[in-house]
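The residues making up each chain are set out below.
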Amino acid sequence: MPTSSITVRVPAKINLQLSVGPREKDGYHNLVSVFQAISIFDDVTVKRADVGNGITIAISGEQTHGVPADSSNLAVKAAQLVAKRFDISSDLHIEIKKSIPVAGGMAGGSADAAATLVALDALFHLELSREELHKLGSELGSDVPFMISGGTAVGQGRGDQLTAALSRGTYHWVLALSSVGLSTPAVYAECDRMRAELEIAPPQVSDALMQSLLAADAEAVGRALSNDLQSAACSLRPALSLVLEVGRDYGALGAIVSGSGPTVAFLVADEDAGLDLAVALTASGVVGSVARALGPVPGAKVDRKSTRLNSSHRCI
Ligand code: C5P
């Protein structure tokens, strides 16, 4: 009997707005996070595996350095959570083909966990609603629910309470990638340290950003980009300030550190402007590598072409 296997394609995210409230007693921060899913993808395949090996994982692709190939990987934790919650005893093998930068502020680990939840839902015919998948996702990490939904959305609470954002148009991004990641807890801790003496107001959704997204006004979106973690990421990685400056000097509509960094995202007017900026950034010598992407794109989705099912299984 052939092994059934499900492949899910999942995007990366950037934050168009990341407003961070004061540190709460549980160590987390109340956030307003406006997410956009962009066209850099990981492919996650989940298979029933030979009996006796438990849940195993293999990583391949362009971005593998620093990705744990053991039970500390969030995708394995996602599989363990589903197996426990739904009494699934099959052994499983997870294969992740990575293109999303690792520890880059683009939610690569959360994306793989989201894809694993969606794959297991299909593999075991759990027929979970979007809300049930989100709830499982939020037990794994604050960004996981958004990686299930994709598109453009506002995250509140820890960033996991989502509302869809009304957004029109397609946005062109140029991403300056670093070969060495930043630790998210370390960037939040640096943000707390830098704001220790300040009175921090509860975070609010930016009206300017929401109106620009609704109007598909890329120039106004560029002006409205904001990230409270940016100064902390630049404090831990001073070279990021120079990268931001180079992109602005070359005419980007907006420049922002994505999430906790170190990826820097530049919004540009169109494909030609993206190519020009990518060439200029590469020539400047201040960035490790450059990628281009479009947003918004959908969240984690079963890739029907790569998915194999037992004949006894119905099509999805
Ligand atoms: O939820 P997740 O595991 O992705 O969060 C990673 C880290 O980011 C947390 O350990 C915490 O340091 C920080 N964080 C936070 N407040 C949030 C979300 C994340 O302080 N709302």
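Everything that follows concerns the structure shown earlier in this document.
Description of the structure in this document. Not measured: the values here are computed from a predicted model. (Residues numbered from 1 in each chain as written. Predicted model: local features only at pLDDT ≥ 70, side-chain atom pairs only at ≥ 80, totals over all residues. Heavy atoms only, no water.)

Some points on the packing of helix 1 (residues 74-85) against helix 3 (residues 130-140)
And step 1. Across the interface, helix 1 lies against helix 3 with an axial gap of 10 Å and an inter-helix angle of 125 degrees. By the criterion of interaxial angle, the relationship of helix 1 to helix 3 is oblique. Read as a crossing pair, helix 1 and helix 3 show a hand that is right-handed. Residues Leu74, Lys77, Ala78, Leu81, Val82 and Arg85 of helix 1 lie in contact with helix 3, whose contacting residues are Leu136, Glu139 and Leu140.
And step 2. A per-class count over the contact of helix 1 with helix 3 returns 6 nonpolar, no polar and 3 charged. (Axes fitted to C-alpha atoms, helices over the stretch in contact; angles between N-to-C directions. Helix = DSSP H or I, 4+ residues; strand = E, 2+ residues; numbered from the N terminus. Parallel < 35°, antiparallel > 145°, perpendicular 65-115°, else oblique. Left-handed = near helix turned anticlockwise from the far one by under 90°. Contact = heavy atoms within 4.5 Å. Nonpolar A, V, L, I, M, F, W, Y, C, P; charged D, E, K, R; others polar.)

Digging into the nonpolar core
And step 1. Grouped together as the largest cluster of nonpolar side chains are 69 residues, with contacts concentrated most on Ile94, Leu117, Trp173 and Leu175.
And step 2. Per-element accounting of this core gives the leading share, 10 residues, to helix 2 (residues 108-123).
And step 3. If we ignore the near neighbours within four places in the chain, the residues touching Leu175 are Ile14, Ile38, Ile40, Met106, Thr263, Val264, Ala265, Ser289, Val290, Ala291 and Ala293.
And step 4. In this structure, Leu182, Cys234, Val243 and Val246 belong to the second largest nonpolar core, which totals 27 residues. (Core = buried A, V, L, I, M, F, W, Y, C linked by side-chain atoms within 4.5 Å. Buried < 20%, exposed > 50% of the residue type's maximum accessible area, 1.4 Å probe, protein only.)

Digging into the site of the ligand
And step 1. Near the ligand, the surroundings consist of Gly27, Tyr28, His29, Leu31, Gly141, Ser142, Arg158, Thr184, Pro185 and Tyr188.
And step 2. At a separation of 2.6 Å, an oxygen atom of the ligand approaches a polar side-chain atom of Ser142.
And step 3. Taking 460 Å² as the accessible area of the ligand by itself, protein coverage stands at 77%.
And step 4. Of all the secondary-structure elements, those providing two or more residues to the shell around the ligand are strand 2 (29-48) and helix 5 (184-194).
And step 5. Here the shell around the ligand takes 3 residues from helix 5, the largest share from any one element.
And step 6. Grouping the constituent residues of the shell around the ligand by class yields 4 nonpolar, 5 polar and 1 charged. (Near = heavy atom within 4 Å. Polar contact = N/O pair within 3.5 Å; in protein donor to acceptor, adjacent residues only side chain to side chain. Areas by Shrake-Rupley, 256 points an atom, 1.4 Å probe, with all protein chains shown as cover.)

Points about the packing of aromatic side chains
And step 1. One pass over the full model with this rule turns up 1 aromatic pair.
And step 2. Ring geometry for Phe35 against Phe146: centres 4.6 Å apart, planes inclined by 10 degrees, an arrangement best described as stacked. Residue Phe35 is located in strand 2, and its partner Phe146 is located in helix 4 (residues 144-149); the two are separated by 111 residues in the primary sequence. Summarising the burial analysis for this pair, Phe35 and Phe146 share the class buried. (Phe/Tyr/Trp six-rings, centres within 6.5 Å; stacked < 30°, edge-to-face > 60°.)

Some remarks on the environment of Leu294
And step 1. With respect to the secondary-structure elements, Leu294 resides in strand 11 (residues 289-295).
And step 2. Assessed through its relative accessible area of 38%, Leu294 is described here as partly exposed.
And step 3. For the pair Leu294 and Ala265, spaced 29 residues apart in sequence, the C-alpha separation works out to 11 Å.
And step 4. Look past the residues within four positions of Leu294 in its chain and what remains in contact with it is Ala37, Ile38, Ser39, Thr170, Tyr171, His172 and Trp173.

A few points about unusual backbone geometry
And step 1. In this structure, Pro262 follows Gly261 across a cis peptide bond, with omega equal to 5 degrees.
And step 2. Cis rather than trans, the peptide bond between Gly295 and Pro296 has omega equal to -5 degrees.
And step 3. On the secondary structure map, Pro296 appears in the loop between strand 11 and strand 12 (301-302).
And step 4. The backbone of Asp87 sits at a positive phi, close to 55 degrees, despite the residue not being glycine.

By themselves, these figures tell us nothing about what the structure is for.
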